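Structure assessment
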Amino acid sequence: MLQLSVMSTLSVQPGKPLPAGATLEHDGVNFTLFTRNGTKVFLDIFQNPDDASPYFTYEFDPQINKTGDLWHAKIVGLKAGALYLYRVDGPFLPEEGHRFNKKQYLFDPYAKALTNVSIFKNLPPNYVTPVDVMDIEFSSIRSAAGFPKCIVIDDAFDWQGDKPLNYKLQNCVIYETHLRGFTKSKTAKVKNPGTFEALTEKIDYLKDLGITSVELLPIHEFDAYENTNVNPKDGKRLKNYWGYSTIAFMAPKASYAASTKIGGQVEEFKTMVREMHKAGIEIILDIVFNHTAEGNEHGITLNFRGLDNSIYYILCSDQKQYYTNYSGCGNTFNCNHPVVREYILNCLKYWVIDMHVDGFRFDLGSILGRDNKGNLMPNPPVLEWIAEDPVLRNTKIIAEAWDAGGAYQVGCFPGGRWAEWNDRFRDDIRRFWRGDDYLATAAATRVSGSSDLYSYSGRKPFHSINFITSHDGFTMNDLVCYNGKHNDENGENNHDGSDNNSSYNYGFEGPSMNEAIESVRTRQVKNIMLTLILSQGTPMLLAGDEFRRTQNGNNNAYCQDSEISWVDWSLLKKNAEVYRFVKMAIALRKAHPALRRPEFFTGQDISLNNLSDISWFDEEGNTPDWEKLNHFLAFRLSGSQQEIVSDKDDNDFFLMMNSSVKDVTVQLPLPSEGKKWLRCVDTSVASPGDFLDEGKEELLEEQKIYILPARSFAILLSR
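This section reports on the structure supplied with the text. The structure displayed is predicted, hence computed values, not measured ones.

Scanning the protein chain from terminus to terminus reveals 15 helices and 28 strands. Here the protein chain has a C-alpha radius of gyration of 27 Å; the compact-globule value for 719 residues is 27 Å, and the two agree. Expressed as a percentage of the 719 residues in the protein chain, the buried residues total 62%. For the protein chain, contacts bridging at least 24 residues in sequence account for 73% of all contacts bridging at least 6. Approximately 27,100 Å² of the protein chain is accessible, and the part contributed by carbon and sulfur atoms is 49%. The averaged location of the 94 negative side-chain charges in the protein chain is 3 Å from the averaged location of its 75 positive side-chain charges.

This part is about helix H9 (residues 440-447). Since the α-helix packs 3.6 residues into each turn, any two residues three or four apart lie on the same face. Within the span of H9, buried status applies to Ala440, Ala443, Ala444, Arg446 and Val447. Buried residues of H9, seen end-on, are gathered within an arc of 165° and therefore sit on one face of the element. For H9, the secondary structure elements touched by its buried residues are helix H8 (423-434), helix H10 (451-454), helix H12 (515-534), strand E21 (614-617), strand E22 (632-637) and strand E23 (653-658). One or two residues past the end of H9 sits glycine 449, with phi positive at roughly 110°.

Of the two faces of strand E16 (residues 359-362), the one lined by Gly359 and Arg361 and the one lined by Phe360 and Phe362 are each fully buried. Judged from the 4 bridges that link them, strand E15 (residues 282-287) and E16 form a sheet pairing that is parallel. Bridging from a neighbouring strand, isoleucine 284 pairs with glycine 359 of E16.

The tally for this structure, following the rule as stated, stands at 45 aromatic pairs. Ring centres of tryptophan 402 and tyrosine 408 lie 6.1 Å apart, and the angle between their planes is 15°; this geometry places the pair in the stacked category. Tryptophan 402 sits in the buried class, given a relative accessible area of 16%. For tyrosine 408, a relative accessible area of 41% gives the class partly exposed. Looking at arginine 87, its charged tip hangs above the ring of phenylalanine 42, at a distance of 4.8 Å from the centre. The side chain of arginine 370 reaches across the aromatic face of tyrosine 326, ending 4.0 Å from its centre.

Thresholds, definitions, all that
- Residues numbered from 1 in each chain as written.
- Predicted model: local features only at pLDDT ≥ 70, side-chain atom pairs only at ≥ 80, totals over all residues.
- Heavy atoms only, no water.
- Helix = DSSP H or I, 4+ residues; strand = E, 2+ residues; numbered from the N terminus.
- Rg over C-alpha atoms; globule rule 2.2 N^0.38 Å.
- Buried < 20%, exposed > 50% of the residue type's maximum accessible area, 1.4 Å probe, protein only.
- Contact = heavy atoms within 4.5 Å.
- Areas by Shrake-Rupley, 256 points an atom, 1.4 Å probe, with all protein chains shown as cover.
- Lys, Arg positive; Asp, Glu negative; His and termini not counted.
- Charge placed at Lys NZ, Arg CZ, Asp CG, Glu CD.
- Arc of directions from axis to C-beta.
- Pairing = 2+ DSSP bridges.
- Phe/Tyr/Trp six-rings, centres within 6.5 Å; stacked < 30°, edge-to-face > 60°.
- Lys NZ or Arg CZ within 6 Å of the ring centre and 35° of its normal.

Here is the structure:
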């Protein structure tokens, strides 16, 4: 914390326009802030996090403290841990897009940390949400007591030689999790639940499972108390749990740190990344550049609105007092304005250079492709900049290729380097294993890499981020336990969340004591997980799915900072059979390049070994009639080194999927000359026989047929 006895210990120098933000120097701190339409800038320095007013204020002199649109000053005598906010004066003309208010405290967009205070929980008693275009806070200065302060950070850290791992996507297995929810439950048995530190305590678990890359839901500062809904079951206030409402894009969330030291969240985050990297595990951040927590014209001013509203947001062209809403959250970030574009790039480079993260998943990524009028652009500058920036060149960039404004760009997201969440994979595979009619052809396209979506644009199978479940929707367990959503505790009368879940409960809604029902549910979890992990593309698992984590049928747990959303680690023991199966499926994928090819299938015999790189079959051993193929899918993968682009041959594989309620007698193709078929997986067999250890696969006595039971998945390999 800043320790200064009197204001006289501080002095002011002109400062430098770059770098942006608060930069610690040997004798003070250089502050730089952008505002083009603002006319005055005030820097307020605070002694303590809960102070209502500053102990030192400096008004920038535009003659000596301004270069272009950058306002800058160096405060000599200030040290790391100093607390600060800005205020900016200028025109208050909402109809022209300007909402300046010199009495409103503002965050620095480049703040690297904030104090752990809630804005929305501590709004003044007399605060009223605006009901028109006028800013109700304009008339009086707001107390800073309930307002987080920006923290000056010392970037020094002992990385011990660490740098981002940047694995090739084709070799990755991504694991999506909520930082807090992963370890918040008492069942996690960690020292400081729900923190960056606690995640490092689970490194051995992640290594054992075989995960290469952890994708964290937003860890940038957001305000959990933004949600004012109440749980009708217990009367408690709900929260913004997921965090898709950023207030500081360069600041790791203070409440996610075990450390209570001012700015300690930065060091703790870096330590987490360093230790994960030592274990060979990447960190990918979910980042939300599509909107901010300031909301629409009725929202609260926090930073961008008060710094230069008309630049940072896409406003309605004919009525600039209103905000476009392609995010579904009240406003839309003006991502392709040159100033905003540079800000986004600077944020990303900070997380890569200073924080050593390995990649980003861009929430509602299609918004980054809209121009200042909201139109989708054929070649959006910000997407091109991200893809081509030299610093980010090896960094993973993953798009959620749609937005709330109607854009849907899966398979055609601009730029050849972008990977995408493939919701077509999710939907087709869910429906195939549910037993929907005539989904086998669609499932074949998905398991072979979704070439229909990605090949024409020059991208590869690994650009498809395959997933069945994510934070948004049912967990894997709930996908096979519920026919409909059960969001009654969200305070929205079960109207929230999608009704299109492609789920099935197999005879009873929710947990069942019926062994037959639970048996088919477990088998279906195995079937779906095996399909996800062994399909061409990059698999993404949802945390806890590997041992059947449940949210009790809630498919929109964005507001549930509770046992509903937290990972229940007691299920790891209860469902050890499923965990073992998923772990072995991951190991099989990682051990065999034939199961994670860098190129799309051609259907040709590239290696001249009389086997096509992929061959499709119906249950009678013939080439399928794709218009009639129903509930059954089988294909053979050649393991020739030329076809799998490897330095040596792999095994050939024969994969069979039966989503019907009847057993199927499958005519097997002949194995390669001098080899035999061995069974390594059959989900109809009781554990541990469902997945056999490497080297202990079962030699088939009958090499011509295989009885594939109802709702099961079997894999043979040749040796």
